[in-house]
Amino acid sequence: MMSAWDAVVVGAGPAGSAAASILASAGRRVLVLEKDHFPRAKVCGQFLSGDAVAWLDRIGALAAVLSASPEIIRAGSVHLPGGRSVRFRLPIDALGISRFRLDDLLANRAKEAGACIRFGQRVVSLSGPPIGGRSEFAIRCSSGDGIEEEIRARTVVGAWGRWDALDKQLDRRFLRQQRYFGWSREYAGDTQLLAGTVRLYLFPGGYCGLSRLEDGRANLAGVLSEAVRRAIGGSWEDVVRYARRSNGALDADLSGLGAGPRGDLGTVPVVFTAKPPTENGILMAGDAAGVIDPFAGQGQAAALRSGILAGETALALLEGRIRDEDYAAVYRAAWRSLFGRRFAWSAVFRRLMLHPALGSAAARVGGERLVRMGIRSLWGKGAAE
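Attention in this report is confined to the structure presented alongside it. Quick caveat: nothing in here was measured; it's all calculated off a predicted structure.

**Here we look at the overall build of the protein**
Then, number 1: Within the protein, the regular secondary structure consists of 11 helices and 19 strands.
Then, number 2: Here the protein holds 385 residues, and 57% of them are scored as buried.
Then, number 3: For the protein, the share of sequence-separated contacts (at least 6 apart) that also reach a separation of at least 24 residues comes to 71%.
Then, number 4: With an accessible surface of roughly 15800 Å², the protein has 52% of that area assigned to carbon and sulfur atoms.

**Some thoughts on the pattern of salt bridges**
Then, number 1: Summed over all chains, the structure comprises 30 salt bridges.
Then, number 2: With a closest N to O distance of 3.7 Å, Arg109 and Glu112 form a salt bridge. Of this pair, Arg109 and Glu112 are both found in helix 4 (residues 99–113), 3 residues apart, which corresponds to roughly one turn of the helix.
Then, number 3: Classification of Glu112 as exposed rests on a relative accessible area of 61%.
Then, number 4: Among the charged side chains, a salt-bridge network with shared partners connects Glu136, Arg140, Glu148, Glu150 and Arg152.

**Quick word on unusual backbone geometry**
Then, number 1: Put simply, Phe38 and Pro39 share a cis peptide bond, and its omega is -5°.
Then, number 2: Tracing the sequence through the fold places Pro39 in the loop between strand 2 (30–34) and strand 3 (47–48).
Then, number 3: Look at Ser69: it is not a glycine, yet its phi comes out positive at around 55°.
Then, number 4: Here Ser69 shows up in the loop between helix 3 (62–67) and strand 4 (71–79).
Then, number 5: The exposure class assigned to Ser69 is partly exposed, which follows from its relative accessible area of 48%.
Then, number 6: Although it is not a glycine, Asp171 sits at a positive phi angle of roughly 55°.
Then, number 7: The residue Asp171 is located in the loop between helix 5 (165–169) and strand 12 (180–189) in this model.

**What to know about empty space enclosed by the protein**
Empty space among the atoms can be located by rolling a probe the size of a water molecule over them.
Then, number 1: One pass over the full model with this rule turns up 3 cavities of 30 Å³ or more.
Then, number 2: Its volume calculated, the second largest cavity comes out at about 90 Å³.
Then, number 3: Ala41, Lys42, Gln46, Glu186 and Leu265 are, among the 13 residues lining the second largest cavity, the residues nearest its centre.
Then, number 4: Put simply, the parts of the chain that give the lining of the second largest cavity at least two residues each are helix 4 and strand 12.
Then, number 5: Considering every element that reaches the lining of the second largest cavity, the biggest residue donor is strand 12, with 3 residues.
Then, number 6: Counted by class, the lining of the second largest cavity contains 3 nonpolar, 5 polar and 5 charged residues.

**Side note on the packing of helix 1 (residues 14–25) against helix 4**
Then, number 1: Where helix 1 contacts helix 4, the axes come no closer than 8 Å and their chain directions differ by 15°. Classified by the angle between their axes, helix 1 and helix 4 sit roughly parallel to one another. Crossing of helix 1 against helix 4: the hand is left-handed. Across the interface between the two elements, Pro14, Ser17, Ala20, Ser21, Ala24 and Ser25 of helix 1 pack against Arg99, Asp103, Leu106, Ala107, Arg109, Ala110 and Ala113 of helix 4.

Rules of the game
Residues numbered from 1 in each chain as written. Predicted model: local features only at pLDDT ≥ 70, side-chain atom pairs only at ≥ 80, totals over all residues. Heavy atoms only, no water. Helix = DSSP H or I, 4+ residues; strand = E, 2+ residues; numbered from the N terminus. Buried < 20%, exposed > 50% of the residue type's maximum accessible area, 1.4 Å probe, protein only. Contact = heavy atoms within 4.5 Å. Areas by Shrake-Rupley, 256 points an atom, 1.4 Å probe, with all protein chains shown as cover. Salt bridge = Lys/Arg side-chain N within 4 Å of Asp/Glu carboxyl O. 1 Å grid on protein atoms, 1.4 Å probe; cavity = no way out; pocket = protein on both sides within 12 Å on 5 of 7 lines; lining within 4 Å. Points joined across faces, edges and corners; volume = space filled by probe spheres on them. Nonpolar A, V, L, I, M, F, W, Y, C, P; charged D, E, K, R; others polar. Axes fitted to C-alpha atoms, helices over the stretch in contact; angles between N-to-C directions. Parallel < 35°, antiparallel > 145°, perpendicular 65-115°, else oblique. Left-handed = near helix turned anticlockwise from the far one by under 90°.

Spelled out as structure tokens, the structure:
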């Protein structure tokens, strides 16, 4: 069985749903293939920076997100291992909302716009050599029951997240770089202390963030270098114990909270880097185009923005405003203009925050000054108090 579409979007997270919403709203036939079933929990800081508000509005999803009563986050603090802390105000109010809720809302918005979304569909191969003088892609997907389907599409947006078997198939070089692990867990109880704030905690080889979600629960999400993860061993509970021993502020803030309804979630190895924005004519969006360090607080906003950019670029191709031979280069240039500087700054501070020896030395010598510089670089000049 074979079907044909104007565009296929692989992945229904924020980037994929944003791209699908743009294309479907313009009347294009869009198919979204998502390997999971929504709603589902996901490892994430579950933090929408103020920049995301404009992008939610652009795809017509802002009202639905606000109706979910997200936590309004106006300020934050960074807590160093030695006990010092740096407080800051956010230039624009951020939102705390779970991916369990957000991704479902965004996928529903894409569906309302006219996109066809198929859950439980894994893309097993994707190729796109020119056919008959026009760019056309051949996509094979499987629903897990052994039955495969072939799909043809004029353009493809790759929004499959941090890592997928397709990355290996495409021989993407980022897989060879230094790797990290991420985890998250929810806490219940009296979270009023966290109201309106996001708190970041540094510890040797990693860091984590704590903030409230739409229903008053707290979300803890962290990142740990592969070397430290191997040294700790054991479970994610062991990782949290290590973080609490290394940072007294984290230990104090978690001491009055209990386990939330969802257990620990962990990631496969993650590479924090900008990746090629296009691969074989595929427009990469969200984490598939680059995983920005969570401490930047911009991951989901960047996913929405890059998804919109991919949708707009694909639409320009479909409408004949960009030639087949030019559209990948146009997208690469636009993506790098939007995100290149942010990824570069993020990489600088990652070396300080995730390298145990270097990070400890930096904290002793000028921890507060470095943190303030990082806050201003990543969040805007008005952020650090």
